[in-house]
Structure formats: structure tokens, C-alpha cells
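Structure at a glance
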Amino acid sequence: NQKGGSANMNIRPTMGFPCIDVMAKAQEAARSYSDLSGLQIRVDENERLLDAIYLDPNLPGVDGFLRSLQSAYEMVTGEKGEMRSIGGTTYAKALPNCCAFGPVKVGVDEELAHQADERLAVDSIHRNALIYGLSIALMGFV
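What this report covers is the structure whose coordinates are included nearby. Computed from a prediction, not measured in an experiment: that's the story for all the values here.

Here's the deal with the nonpolar core
In this structure, Leu55, Val62, Phe65, Leu66, Leu69, Ala72, Tyr73, Cys99, Phe101, Ile131 and Leu138 together form the largest nonpolar core, which totals eleven residues. Of all the secondary-structure elements, those providing two or more residues to this core are α2 (62-77) and α3 (122-138). Here the element with the most residues in this core is α2; it accounts for six residues. Excluding residues that lie within four positions of it along the chain, Leu55 makes contacts with Val62, Phe65, Leu66, Asn97, Cys98 and Cys99.

Encoded structure:
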């Protein structure tokens, strides 16, 4: 009677390190450890691989999209909006010419993403709803 197991990993590669390279390294490590241990270990892809994204503001159509987000942020908060990159991953890479935006305002909102009792203050939700709605309204004007 053989016993076995499995593990699922959610690997989030960064810019410059494509998913195919991550898979190749994981498969190489599994083969190596399998050879050393005598265990049968393999790495399989069970979902669509999504590489890290970079949304080029110089692409046609993208510049207005990003400017509308930035303008809406500035109008609602009264602060200069900065485009930033994040170290993690986002749903945005599943969609063409898309980026993640909000909802945490650094230095103001408590950062509870992916933690027990994850939540966002009602004021933050309201602020973000205003930014999102205004950015949609501005899409054709910036």
C-alpha cells in the first residue's frame, strides 16, 4: 500500500522572471531532490501561468487610462498621484492593458491585505469608490 501526497503552490514571479522559467527551475529542483531521496516528485502546471505585468504608459489608449486614474486620485484626495509598482501580483495580469489600483492609501489606511480579519475602513471604501467612478467619467477627457 503506497501513500502519497500533493502540494499546491501559488508562485508569483516578478518582472524579468517569466513563469516558464519558474516552472523549469521548480521541475529541475524536483528532479534533483527526487534523485537524492528516492521519492517520486514532480511539478505540474495546474492553472494558466500568468507572468508579471508592466503596463507601458506609452501604449495607445493606455496613457489616457492611467492619466484618468491619476487625475481622479488627485481630485478626490487633493494629493499628487504617483504611479507605483507592487512587489506582489494582481488580478490585473489576467486582463489586457489593465492595472491594479488601490484600495490602500499608504500612511493612512491600515494594511491588512491577506491577513486574518482582512478589512478596509468604510471611509477608505468610500474614497476609492469616488476615485474609481471619477476615473471612469474622466476616461474620455484626459
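After that view of the structure, there is still more to cover.
What to know about the layout of surface pockets
Quantified by volume, the second largest pocket comes out at close to 1200 Å³. Lining the second largest pocket are 32 residues, and of these Ala7, Asn8, Met9, Val43 and Asp44 sit closest to its centre.

Considerations on α2
Its 16 residues give α2 an end-to-end C-alpha distance of 23 Å, which sits within 8% of 22 Å, the value for a rise of 1.5 Å per residue. Residues of α2 that are buried include every one of Val62, Gly64, Phe65, Leu66, Ser68, Leu69, Ala72, Tyr73 and Thr77, and no others. Its buried side turned inward, α2 meets α3. Positive backbone phi, at 75°, marks Gly78, one or two positions downstream of α2.

Overview of the side chain of Ser135
Along the chain, the position of Ser135 falls in helix α3. Those residues in contact with Ser135, other than ones at most four positions away along the chain, are Ser68, Leu69 and Ala72.

Re α3
Between its first and last C-alpha, α3 extends 24 Å over 17 residues, near the 24 Å set by a 1.5 Å rise per residue. Residues of α3 that are buried include every one of Ser124, Arg127, Asn128, Ile131, Ser135 and Leu138, and no others. An end-on view of α3 places all buried positions within 95° of arc, on one side of the element. Relative to its buried face, α3 has exposed residues pointing more than 90 degrees away, namely Val122, His126 and Ile136. Looking at the buried positions of α3, the neighbouring elements they touch are α2.

Thresholds applied
Residues numbered from 1 in each chain as written. Predicted model: local features only at pLDDT ≥ 70, side-chain atom pairs only at ≥ 80, totals over all residues. Heavy atoms only, no water. Core = buried A, V, L, I, M, F, W, Y, C linked by side-chain atoms within 4.5 Å. Buried < 20%, exposed > 50% of the residue type's maximum accessible area, 1.4 Å probe, protein only. Helix = DSSP H or I, 4+ residues; strand = E, 2+ residues; numbered from the N terminus. Contact = heavy atoms within 4.5 Å. 1 Å grid on protein atoms, 1.4 Å probe; cavity = no way out; pocket = protein on both sides within 12 Å on 5 of 7 lines; lining within 4 Å. Points joined across faces, edges and corners; volume = space filled by probe spheres on them. Expected span 1.5 Å × (residues − 1). Arc of directions from axis to C-beta.

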